[in-house]
Amino acid sequence: MAPMLLLCLSLTGCGGGDGEPESSDSPPPTAEEIAYHDCLKRRGVAIVHTDYGAPRVDKSKPWNEEAHAACRPLLPPPPKARPAGPARLAAAREESACLRAEGVAWYPDPDPVTAEVDGTEGTPEQWSALKRDHVEALKKCRKER
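Residues numbered from 1 in each chain as written. Predicted model: local features only at pLDDT ≥ 70, side-chain atom pairs only at ≥ 80, totals over all residues. Heavy atoms only, no water.

An account of the pattern of salt bridges is requested, with residue identities and associated values reported.
Pairing between side chains becomes possible if they bear opposite charge and their charged atoms approach one another. Applying the stated criterion to the full structure yields 7 salt bridges. Arg 142 is the partner of Glu 95 in a salt bridge, and the nearest nitrogen-oxygen pair spans 3.0 Å. Of the two residues, Glu 95 is situated in helix 4 (residues 86–101) and Arg 142 in the segment after helix 6 (135–141); the sequence distance between them amounts to 47 residues. Considered together, Glu 95 and Arg 142 belong to a single accessibility category, that of buried residues. Here Arg 100 and Asp 109 are joined by a salt bridge, their closest N and O atoms 2.9 Å apart. Asp 109 sits in the partly exposed class, given a relative accessible area of 49%. (Salt bridge = Lys/Arg side-chain N within 4 Å of Asp/Glu carboxyl O. Helix = DSSP H or I, 4+ residues; strand = E, 2+ residues; numbered from the N terminus. Buried < 20%, exposed > 50% of the residue type's maximum accessible area, 1.4 Å probe, protein only.)

Give me the lowdown on the nonpolar core, citing residues and values where you can.
Within the largest apolar cluster, 10 residues are counted, these being Cys 98, Leu 99, Val 104, Tyr 107, Val 117, Trp 127, Leu 130, Ala 137, Leu 138 and Cys 141. If you list the elements that add at least two residues to this core, you get helix 4, helix 5 (124–133) and helix 6. Of all the elements, helix 6 adds the most residues to this core, at 3 residues. Each residue touching Ala 137, except ones within four places of it in the same chain, is listed here: Leu 99 and Glu 102. In this structure, Cys 39, Val 45, Val 57 and Leu 75 belong to the second largest nonpolar core, which totals 8 residues. (Core = buried A, V, L, I, M, F, W, Y, C linked by side-chain atoms within 4.5 Å. Contact = heavy atoms within 4.5 Å.)

Requested: an account of the side chain of Arg 142, with residues and values cited.
Residue class for Arg 142 comes out buried when judged on its relative accessible area of 8%. Of note is the side chain of Arg 142, whose polar atom sits 3.0 Å from the side chain of Glu 95. (Polar contact = N/O pair within 3.5 Å; in protein donor to acceptor, adjacent residues only side chain to side chain.)

Give a detailed account of helix 2 (residues 31–42), specifying residues and quantitative values.
For helix 2, spanning 12 residues, the distance from its first C-alpha to its last is 16 Å, which sits close to the expected 16 Å at 1.5 Å a residue. Taken residue by residue, helix 2 has Glu 33, Tyr 36, His 37, Cys 39 and Leu 40 as its buried positions. One face of helix 2 carries all of its buried residues, which in axial projection span an arc of 150°. Looking at helix 2, the residues exposed on the side facing more than 90 degrees away from the buried face are Ala 31, Lys 41 and Arg 42. Positive phi shows up at Gly 44, right after helix 2, with a value of about 95°. (Expected span 1.5 Å × (residues − 1). Arc of directions from axis to C-beta.)

Following this line, the structure appears as structure tokens:
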């Protein structure tokens, strides 16, 4: 389920900060990260680039399990999780509760240390539907974004 971790990180942001990393705060993409995304692209997966140059899977497109399985050996290890501060943890808990109250019943609670949401607790289809069908709930519940 490593691709789901990548999907989760790209949905929730990396590094345990309070928002998207700034270009000056983010290291350039690693060779492993570039190789993995190049592999996906060669197999038809749409790739986008963040403002700071990191390649990411275009989550607005359907999930391609065959491509992800073929490229899985190139998947770089996930970044080491950093503990979230009390404010970030409280915000993540509030966001999860809000999304469930807004009809996303399957949405998981955040990790109690890192405040990250485990992407393996939902299916790829559920994560895609979250961004496609629950835009208003996301806007309402993700106040800082």
